[in-house]
Amino acid sequence: MAFNGLYKDLPGSSAVDAQRKDAFERFMRAGLPTRRDEDWRYTEISALGEIDFRHAVAPPATAKQAAHHDPLPIRAGSKLTFVNGRYAPESSTINQSHRMLVHPLETNWTKLSDGFPGHERVFAHPLGLVNTAFTQLGAVISIPKNSHVDTPILLEFLQLSDDTLAVQPRLIIELAANSSAEVIVQHAGQSSATNWTNMVTEIHQSAGSKLTFIHVQEQGLAATHTCLTTAALKRDAHFSGGYFDLGGKLARNDIEIALDEHGASAELFGAFLPIQSQHADNHIKIDHRAPNTTSNEYFRGIAGPKSRGVFNGKVIVHKHAQKISAQQRSDNLLLDKTAEIDTKPELEIYADDVKCSHGATVGELDEQHLFYLQSRGINELAARALLTFAFANSSLDFIKDEALRTALSEKIAKRLPQHEKWERLT
Amino acid sequence: MATESQDLADIVQRKYAHGFVTDIEQDTVAPGLNEDVIRFISAKKGEPEFLTQWRLKAYRHWLTMRAPDWAHLNIAPIDYQAISYYAAPKNADDAPKSLDEVDPKLLETYEKLGIPLHERARLAGVAVDAVFDSVSVATTFKTKLAEAGVIFCSFSEAVQNHPELIKKYLGTVVPVRDNYFAALNSAVFTDGSFVYIPKGVRCPMELSTYFRINAANTGQFERTLIIADEGSHVSYLEGCTAPMRDENQLHAAVVELVALDNAEIKYSTVQNWYPGDEEGRGGIYNFVTKRGDCRGVRSKISWTQVETGSAITWKYPSCVLRGKDSVGEFYSVALTNNYQQADTGTKMIHIGENSRSTIISKGISAGHGQNAYRGLVRIMPTAAGARNYTQCDSLLLGDQCGAHTFPYIESRRPDARVEHEATTSKISEDQLFYCRQRGLTEEDAVNMIVNGFCKEVFKELPMEFAVEAQNLMNVSLEGAVG
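Just so you know, these numbers come straight off a predicted model, no measurement behind them. (Residues numbered from 1 in each chain as written. Chains lettered and ligands numbered in written order. Predicted model: local features only at pLDDT ≥ 70, side-chain atom pairs only at ≥ 80, totals over all residues. Heavy atoms only, no water.)

As for the overall build of chain A
Phase 1 of the analysis: The helix and strand inventory of chain A stands at seven helices and 21 strands.
Phase 2 of the analysis: The C-alpha radius of gyration of chain A comes to 21 Å, within 12% of the 22 Å expected for a compact globule of 426 residues.
Phase 3 of the analysis: Looking at the 426 residues of chain A, the share that counts as buried comes to 62%.
Phase 4 of the analysis: Across chain A, the fraction of contacts at a sequence separation of at least 24, relative to all contacts at a separation of at least 6, is 84%.
Phase 5 of the analysis: If you sum the accessible surface of chain A, you get close to 15900 Å²; carbon and sulfur atoms cover 50% of it.
Phase 6 of the analysis: Computed over 44 positive and 51 negative side-chain charges, the inter-centroid distance for chain A is 1 Å. (Helix = DSSP H or I, 4+ residues; strand = E, 2+ residues; numbered from the N terminus. Rg over C-alpha atoms; globule rule 2.2 N^0.38 Å. Buried < 20%, exposed > 50% of the residue type's maximum accessible area, 1.4 Å probe, protein only. Contact = heavy atoms within 4.5 Å. Areas by Shrake-Rupley, 256 points an atom, 1.4 Å probe, with all protein chains shown as cover. Lys, Arg positive; Asp, Glu negative; His and termini not counted. Charge placed at Lys NZ, Arg CZ, Asp CG, Glu CD.)

Observations concerning the interface of chain B and chain A
Bring the parts together and some accessible area is lost; that lost area is often taken as the interface size.
Phase 1 of the analysis: Across the contact, 33 residues belong to chain B and 39 residues belong to chain A.
Phase 2 of the analysis: Between chain B and chain A, a total of about 2900 Å² is buried, with carbon and sulfur atoms accounting for 49% of that surface.
Phase 3 of the analysis: Per-residue buried area on chain B facing chain A is highest for Tyr408(B), Ile409(B) and Pro414(B); these three make up 19% of the total on that side.
Phase 4 of the analysis: Our count for the chain B to chain A interface comes out at two salt bridges.
Phase 5 of the analysis: With a closest N to O distance of 3.6 Å, Glu410(B) and Arg41(A) form a salt bridge.
Phase 6 of the analysis: The interface formed by chain B and chain A holds 16 residue pairs in polar contact (both at pLDDT 80 or more) in total.
Phase 7 of the analysis: Counting residues per element, the ones that place at least two in the side of chain B that touches chain A are β20 (370–379), β22 (402–411) and β23 (417–426) of chain B.
Phase 8 of the analysis: Partitioning the side of chain B that touches chain A into residue classes produces 11 nonpolar, 12 polar and 10 charged. (Buried area = accessible area lost by both parts, 1.4 Å probe. Salt bridge = Lys/Arg side-chain N within 4 Å of Asp/Glu carboxyl O. Polar contact = N/O pair within 3.5 Å; in protein donor to acceptor, adjacent residues only side chain to side chain. Nonpolar A, V, L, I, M, F, W, Y, C, P; charged D, E, K, R; others polar.)

Digging into the packing of helix α10 (residues 429–437) of chain B against helix α11 (residues 442–458) of chain B
Residue and element names in this part refer to chain B.
Phase 1 of the analysis: Packing of α10 against α11 leaves a shortest axis separation of 9 Å and a crossing angle of 125°. Taken together, the axis directions place α10 and α11 in an arrangement best described as oblique. Here α10 runs over α11; the crossing is right-handed. Packed against α10, whose contacting residues are Gln431, Leu432, Cys435 and Arg436, the element α11 presents Glu442, Ala445, Val446, Met448 and Ile449 at the interface.
Phase 2 of the analysis: For the contact of α10 with α11, the residue count by class is six nonpolar, one polar and two charged. (Axes fitted to C-alpha atoms, helices over the stretch in contact; angles between N-to-C directions. Parallel < 35°, antiparallel > 145°, perpendicular 65-115°, else oblique. Left-handed = near helix turned anticlockwise from the far one by under 90°.)

A look at the pairing of β22(B)
Phase 1 of the analysis: For β22(B), the tally of buried residues reaches 10 of 10 residues, placing the bulk of the element in the interior.
Phase 2 of the analysis: The two faces of β22(B) match: Gly402(B), His404(B), Phe406(B), Tyr408(B) and Glu410(B) on one face and Ala403(B), Thr405(B), Pro407(B), Ile409(B) and Ser411(B) on the other face are all buried.
Phase 3 of the analysis: Where strand β20 (residues 340–349) of chain A lies against β22(B), six bridges are found, and the strand directions are antiparallel. Residue pairing in the sheet places Asp342(A) in a bridge with Glu410(B) of β22(B). (Pairing = 2+ DSSP bridges.)

As for helix α2 (residues 35–44) of chain B
All names here are of chain B.
Phase 1 of the analysis: Regarding α2, the residues found buried are Val37, Ile38, Ile41 and Ser42. Taken down its axis, α2 places every buried residue within 135° of arc, on the same side. Of the exposed residues in α2, the ones pointing more than 90 degrees away from its buried face are Asp36 and Ala43.
Phase 2 of the analysis: Those residues of α2 that are buried are in contact with α3 (49–63) and α9 (180–188).
Phase 3 of the analysis: N-cap assignment for α2: the residue whose side-chain oxygen lies 2.9 Å from the backbone N of aspartate 36 is asparagine 34.
Phase 4 of the analysis: Remark: glycine 46 follows α2 within two positions and exhibits a positive phi of approximately 60°. (Arc of directions from axis to C-beta.)

Details of unusual backbone geometry
Excluding glycine, most residues fall at negative phi; most peptide bonds, likewise, are trans.
Phase 1 of the analysis: Although it is not a glycine, Asn84(A) adopts a positive phi angle of roughly 50°.
Phase 2 of the analysis: Given the relative accessible area of 5%, Asn84(A) is considered buried.
Phase 3 of the analysis: The phi torsion at Ser310(B) lies on the positive side, around 70°, for a residue other than glycine.

As for the pattern of salt bridges
All names here are of chain B.
Phase 1 of the analysis: Enumeration according to the criterion identifies 42 salt bridges over all chains in this entry.
Phase 2 of the analysis: Between glutamate 35 and arginine 60 there is a salt bridge whose closest N-O contact spans 2.9 Å. Placement of glutamate 35 in helix α2 and of arginine 60 in helix α3 is noted, with a sequence separation of 25 residues between them.
Phase 3 of the analysis: Of the charged contacts in the structure, one is a salt bridge between glutamate 47 and arginine 55, with a shortest N-O distance of 2.7 Å. Neither glutamate 47 nor arginine 55 differs from the other in exposure class; each is buried.

Focus: the confidence of the model for chain B
All names here are of chain B.
Phase 1 of the analysis: Residue-level pLDDT values for chain B average 81, and 77% of them are 70 or greater.
Phase 2 of the analysis: Within chain B, the lowest mean pLDDT, 35, falls on helix α5 (residues 119–124), and the highest, 97, falls on strand β16 (residues 318–321).
Phase 3 of the analysis: Overall, residues 117–128 carries pLDDT values under 50, and its contacts beyond four positions in sequence, including any with other chains, amount to 37 contacts.
Phase 4 of the analysis: Across the whole predicted complex the pTM is 0.86, and at the interface the ipTM reaches 0.88. (pLDDT = per-residue confidence, 0-100.)

Section: the packing of helix α5 (residues 380–393) of chain A against helix α6 (residues 402–415) of chain A
Residues and elements named next belong to chain A.
Phase 1 of the analysis: Their axes nearest at 10 Å, the elements α5 and α6 cross at an angle of 140°. Considered as vectors, α5 and α6 are oriented oblique to each other. Relative to α6, α5 is oriented so that their crossing is right-handed. Touching Phe389, Ala392 and Asn393 of α5 are Ser409, Ile412 and Ala413, all from α6.

Side note on the environment of Ser161(A)
Residues and elements named next belong to chain A.
Phase 1 of the analysis: Topologically, serine 161 is positioned in the loop between β6 (153–158) and β7 (166–167).
Phase 2 of the analysis: In the structure, serine 161 is positioned 116 residues away from isoleucine 45 in sequence and 22 Å away in space, judged by C-alpha atoms.
Phase 3 of the analysis: Those residues within four positions of serine 161 in sequence are excluded, and the remaining contacts are Asn84, Ser191 and Ala193.
Phase 4 of the analysis: Here aspartate 163 takes part through its backbone nitrogen, which lies 2.8 Å from a polar atom of the side chain of serine 161.

What to know about the packing of aromatic side chains
Residues and elements named next belong to chain B.
Phase 1 of the analysis: For the coordinates displayed, the defined rule picks out 27 aromatic pairs over all chains.
Phase 2 of the analysis: Measuring from centroid to centroid gives 5.3 Å for tyrosine 180 and phenylalanine 181, while their planes differ by 90°, and the two rings are edge-to-face. For the residue pair tyrosine 180 and phenylalanine 181, the accessibility class agrees, reading buried in each case.
Phase 3 of the analysis: For the ring pair phenylalanine 181 and phenylalanine 287, a centre distance of 4.5 Å and an interplane angle of 40° mean the geometry is tilted. Taken together, the residues span a long stretch of sequence, with phenylalanine 181 in helix α9 and phenylalanine 287 in strand β13 (residues 283–294) at a distance of 106 residues. With respect to class, phenylalanine 181 is no different from phenylalanine 287; both count as buried.
Phase 4 of the analysis: What links up through ring pairs into an aromatic cluster is the set Tyr59, Trp62, Trp70, Tyr80, Tyr180, Phe181, Tyr285, Phe287, Trp314 and Tyr316. (Phe/Tyr/Trp six-rings, centres within 6.5 Å; stacked < 30°, edge-to-face > 60°.)

Points about α5(A)
Residue and element names in this part refer to chain A.
Phase 1 of the analysis: With 14 residues, α5 extends 19 Å from end C-alpha to end C-alpha; this agrees with the ideal 20 Å at 1.5 Å per step.
Phase 2 of the analysis: For α5, the secondary structure elements touched by its buried residues are β15 (265–272), β17 (294–303), β19 (324–334), α4 (367–375), α6 and α7 (419–423).
Phase 3 of the analysis: Near the N-terminus of α5, the side chain that reaches the backbone nitrogen of leucine 381, with its oxygen 3.1 Å away, is that of asparagine 379. (Expected span 1.5 Å × (residues − 1).)

This is the structure in structure tokens:
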């Protein structure tokens, strides 16, 4: 990879510059993870090192080019659009009431005069280092005390260029006490280029805050998508995160949630659908560091021909973190003989007053369900397609916003084979 | 509550009941490991050349390996050069012809352990091949087994009398390069058990071996090989206790099972080696490689283990389900108290069509114990219609202990079904209250609940073992709550 001194000319404050330098040096020492690393046992990304990515961004597309082919039909309060790795203000709208909340990074580096706030956690991750060294786009979202942002904030990252770009967005979300917000990140663009998106989202939630965070990834089938989310939750804060990986040749989500204070809670849900020679990997780590914290994970994976789905959910209950409840659910379907699912729901528990459970299944559709539909006159193909869709669709039950749920449901349906067979039935 | 806490304290302080040392002169090689030591062991046992070479090959490969560090264990560095690799009771050369010729001190040791070697063996219907340190000293029921055509002897005897079987099967399930401890064992193993069940024979009795570690500074490296030929059946029991000692003792055994067409092997273990004292000093390091190969169609291998001893347990009895319709089972209770650590579980490798496996694992942590279940279920593309069910539950007693679960599930077959469930919790106040209300002491209540928790595994044990296991649990657990 063309990892050279590029980070030197990148924007930022002097604190950010120092972090970039540190991150770059650490990364050069550590290198990209290999499959010898336990966390990367099922996912191989070392090929990224061979590709000569362009870190410098391509010229911004015009507003017209940026026209989105498959937007999420939601009434977003604000929408930030990024095209080919650069902020596209002409395609973005920031709601009047959001002006003090949503800040595109490109024009707001002053917000980071103390550097990236969550850099410790991000630095522990090899791809977090890469992002810190090279990021030059993204946003800072800060919600003040007691304010409730009732319309979602949408960030679109579109890849429309045929260049081999390495795009490194950084999103920082800060919720002050008792505030709430909903943030949706969509990665799209049917570019056929072997581009790489490596996103880092830092979430800092103060006491009593509530965040809904939805990640929708539908990049081109040659794209590599890696994304690290770190969240730190204070007393009684709640994080609800949904991860939907539909596109990309290789997608990897690292989600690290720290429940730092009493009463904090997190729910994580999602679906990953590596259907057409794709690879999707969700790596989740939840740290219960304080008493009375709860977490719930619910993921559904469907793997099609020559595809591989990976789920790794890790719950750590630290010493003295009593009265914990943690649930994990990983259900997976294999659609083809050349498909593979690897799932690893882990528990590490150092306290005794806990209720932790996990369940994992890998298999095919239930014969009885198929029989039920067939006995009602639905042919086997349609019945299979319908049940496959229903299997993935149940991961949307956590989403309260109906418009968003419907939109995601349609996107999931379109990704699955034979969807037209049952759609005709309805 | 105050007097109760006192009772609890007493029970917690209870010393290891099997802690004593029999004083016997040892014929020992100087500590250290090199090719000469391996040649010495091999020569001492009068082994054929192929075995000496096999040992050397293992040793040379071991030199290139690093001790595994992936387990959830905290292991003090082991000085392999400080271990003496050969210790045999001195009068082993003129092997005893009957029990009368056995050193009475040995018999005394067995007596203290309550091994049914004498008449008790006959009463219990158990043939005992007792291993004192590294060399077998007595084997009973030879005749009865010989009538059935069953070969049940020490590994050294098998090398002398059945070299063709050793050559054919040794290292085919656990190759010398398999892992660090297996390679070490392959290089320096001194003895163990060998079982061969001929075609169509149902072994007339349960086979049992009691191992006992005795000499200080002597790692014990057993090698067990069990072959069940077509249509045969055998149930094998392994149980261990060890004398109290301050230094860590390394124990790296290898057990290989081979089940051919329609054969069934049931392997049960109760492991109660010295776990170290209340401060975590001393105790056995138990690094064991156990693997069964279901080679034949409809073959079945079932592992049942009750692990209550050892300072550190690193053990994954596994099944390679090669045969069509083969079955693998793993039932485990692992208990860690004081400063014990356990990283144990199983691997089920599904290769054959319609192969099935069941994993039931119960982990109990008390005191400062750390207990990890680590398991792999792998469905290969050839394993059409394979089925796995895994349940691993952990029970926590006390707020200083840890319970961990690391299940790996890898499936490459759409028509295979894999299910995994796990729970971790402590004994609920409701359960305790219910029992206390009916007049049970807290101790009895905890015992009862824990035994209920382990029942699914205990019922898989042969009768004699089930009783022993329950008693073991009671002794090891009482006082852990309070």
